[in-house]
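Residue strings, one per chain:
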Amino acid sequence: MSRPNQSQDPECIFCKIIAGQIPCYELHQDERALAFLDIGPLSKAHSLVVPKAHATTIDELSSEDAAACGAILPRLSKAITTATGAPACNILQNNGALAGQAVGHVHFHVIPRFDPAQPEAEEGVGLRFDWTPNKLEADKAQALQSAIRQGL
Ligand code: AMP
Ligand code: ZN
């Protein structure tokens, strides 16, 4: 495995957190990843996992840094849902302004989801979204499959 890339963007708020220039409520850190509480939570204990090396969007992330972020998500999700009593949670990762990305440093949200009847829901029920599926047509699926596989 290659050595961690330590590149930082001096203008980036998450790089400043990683560098210790801005405080955070740290939950975990290892050689490549940092987890901390989100300062604007959608629900109780909404948290973020970020790679320590600056990358703006997921397609810029190295496999090693992606693996480091992914490796902590199962344990962190379990710790968060256990600590809060959340029966469910969403992992969310926004890329680009149109997708809702406000901070240009890759991050994975862990967003506990609460039943509105739970007292914790007073701090927010968590992520709500519109999910309106279309039908996947065979000819379009094959064209997409071919185009995407060529890019991998
Ligand atoms: P996104 O819209 O996916 O880019 O989400 C950015 C998230 O970063 C939001 O949920 C913010 O509340 C969170 N955030 C921004 N600044 C900070 C900070 N200094 N500490 C913790 N979370 C932050
Ligand atoms: Zn950054």
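Our structure's up above, just so we're on the same page.
Only a predicted model underlies this, so the values are computations on that prediction, with no experimental measurement involved.

Thresholds applied
- Residues numbered from 1 in each chain as written.
- Chains lettered and ligands numbered in written order.
- Predicted model: local features only at pLDDT ≥ 70, side-chain atom pairs only at ≥ 80, totals over all residues.
- Heavy atoms only, no water.
- Donors = N, O, S within 2.8 Å, 3.2 Å for Na, K, Ca; no water.
- Tetrahedral: all angles 85-135°; square planar, octahedral: opposite > 155°, others 65-115°.
- Helix = DSSP H or I, 4+ residues; strand = E, 2+ residues; numbered from the N terminus.
- Buried < 20%, exposed > 50% of the residue type's maximum accessible area, 1.4 Å probe, protein only.
- Core = buried A, V, L, I, M, F, W, Y, C linked by side-chain atoms within 4.5 Å.
- Contact = heavy atoms within 4.5 Å.
- Phe/Tyr/Trp six-rings, centres within 6.5 Å; stacked < 30°, edge-to-face > 60°.
- Pairing = 2+ DSSP bridges.
- Patch = residues over 30% accessible without salt bridge, like charges linked within 9 Å, V, L, I, M, F, W, Y side chains within 5 Å.
- Areas by Shrake-Rupley, 256 points an atom, 1.4 Å probe, with all protein chains shown as cover.
- Salt bridge = Lys/Arg side-chain N within 4 Å of Asp/Glu carboxyl O.

*Asks:* Give me the coordination of the zinc ion (ligand 2): which residues, what numbers.
*Replies:* When a metal holds four donors in a tetrahedron, each ideal angle between them is 109.5 degrees; when it holds six in an octahedron, the ideal angles are 90 or 180 degrees. Only Cys12 (SG), Cys15 (SG), His54 (ND1) and His105 (ND1) from the protein reach the zinc ion (ligand 2) as donors, at distances of 2.0 to 2.3 Å. Geometry at the zinc ion (ligand 2) is tetrahedral, judged from its 4 donor atoms and the angles of 106 to 116 degrees they form at the metal. Sequence spacing of the donors to the zinc ion (ligand 2): C-x2-C-x38-H-x50-H. Remark: His54 occurs in the loop between β3 (47-51) and α2 (63-84) and Cys12 occurs in the segment before α1 (13-18); sequence separation between them is 42 residues. The class for His54 is buried, based on a relative accessible area of 19%.

*Asks:* Which residues make up the nonpolar core, and what are the values?
*Replies:* Residues Val49, Cys69, Leu73, Leu76, Val106, Phe108 and Val110 are the most contacted members of the largest nonpolar core, which totals 14 residues. Elements with a contribution of two residues or more to this core: β2 (33-37), α2 and β5 (108-113). Ranked by residues supplied to this core, first place goes to α2 with 6 residues. Apart from the residues lying within four places of it in its own chain, the contact partners of Val106 are Val49, Val50, Pro51, Ala55, Thr56, Thr57, Ile58, Leu61 and Gln93. Counting 8 residues, the second largest nonpolar core, distinct from the first, contains Cys12, Phe14, Leu34 and Val50.

*Asks:* Summarise the packing of aromatic side chains; cite the residues concerned and give the values.
*Replies:* A full pass over the atoms with the stated rule returns 2 aromatic pairs. For the pair Phe14 and Phe36, a centre-to-centre distance of 5.5 Å together with 80 degrees between the ring planes defines the contact as edge-to-face. Here Phe14, found in helix α1, pairs with Phe36, found in strand β2; they are 22 residues apart in sequence, far enough to count as distant. For the pair Phe129 and Trp131, a centre-to-centre distance of 5.9 Å together with 55 degrees between the ring planes defines the contact as tilted.

*Asks:* Describe in detail the pairing of β3, supporting the description with residues and values.
*Replies:* Counting buried positions along β3 gives 5 out of 5 residues, so the element sits mostly inside the fold. Of the two faces of β3, the one holding Ser47, Val49 and Pro51 and the one holding Leu48 and Val50 are both buried throughout. In the sheet, β2 pairs with β3 via 5 bridges, with the strands oriented antiparallel. Note on β3: the bridge partner recorded for Leu34 is Val50. With 3 bridges connecting them, β3 and β5 associate as antiparallel partners. Bridge pairing in β5 links Leu48 to His109.

*Asks:* Would you mind going over a nonpolar patch on the surface in detail, with residue names and values included?
*Replies:* On the surface, Leu136, Leu144, Ile148 and Leu152 cluster together into a nonpolar patch covering about 490 Å² of accessible area. Looking at where Ile148 falls in the secondary structure, it is placed in helix α3 (residues 138-151). Residue classification places Ile148 among the exposed positions, given a relative accessible area of 52%.

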